[in-house]
Amino acid sequence: IAQAAEEPGPGEYNTLGVIDREKKKSGVRFGSGNPKTDIEWRMYEAAKTPGPGSYKIDSKYDRPAGGHFNTSNPKGDVEWKIYNSGNIPGPGQYELPTAQSTMKGGKFSKANPK
């Protein structure tokens, strides 16, 4: 009888706690969460992407605002003729080759024909 007083009686203990612990230790578990939709994934990825002006580019790529046009005045045909004429010798500034220096006599073969 003394031992019976130490043991719990019917309905005095919780067996569901033991069963729940056993279920967590082994067996297959399926997730019960709701997966993200395509729109939710796009919103999630877009939140990680930096927006305009949220980053700084190297200063070597900085450009002043606006553009500019070339204001040079290119040479025309007459200006190019005048410019190039400075590189061409004028009359009497060069010597023509003489007729003797350009004319050479013929050569005769010294081979012995067979």
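Cut-offs used in this document
- Residue positions are given per chain, counted from 1 along the sequence in the order it is written.
- Local features in this predicted model are restricted to residues whose pLDDT is 70 or higher, and side-chain atom pairs enter the listing and the counts only when it is 80 or higher, whereas totals over whole chains, interfaces and linings include all residues.
- With hydrogens and water set aside, each side-chain value is computed from the structure's full complement of heavy atoms.
- Runs of H or I in DSSP of at least four residues are treated as helices and runs of E of at least two as strands, each being numbered from the N terminus.
- All accessible areas in this document rest on Shrake-Rupley with a 1.4 Å probe, and a residue is counted as covered only by the protein chains that are shown.
- One confidence number per residue, pLDDT, is output by the predictor and ranges from 0 to 100.
- Each reported salt bridge corresponds to a side-chain nitrogen of Lys or Arg within 4 Å of a carboxyl oxygen of Asp or Glu.

All right, on to the overall build of the protein chain then. The secondary structure content of the protein chain amounts to five helices and zero strands. Reading the secondary structure of the protein chain in the N-to-C direction produces α-α-α-α-α. When the accessible surface of the protein chain is totalled, it reaches about 12600 Å², and 56% of it is carbon and sulfur.

Attention now goes to the confidence of the model for the protein chain. For the protein chain, the mean per-residue pLDDT works out to 76, and 67% of the residues sit at or above 70. By mean pLDDT, helix α2 (residues 16-25) is the weakest element of the protein chain at 59, and helix α3 (residues 38-48) is the strongest at 92.

This part takes up the pattern of salt bridges. A complete count under the given rule lists two salt bridges for this structure. Residues Arg42 and Asp38 are paired through a salt bridge, measuring 3.2 Å at the closest nitrogen-oxygen approach. Linking Arg42 with Asp38, this pair stays in helix α3, spanning four residues, or about one helical turn. Close ionic contact of Glu45 with Lys48 constitutes a salt bridge, the shortest N to O distance being 3.7 Å. Placement of both Glu45 and Lys48 in helix α3 is noted, with a separation of three residues, approximately one turn of the helix.

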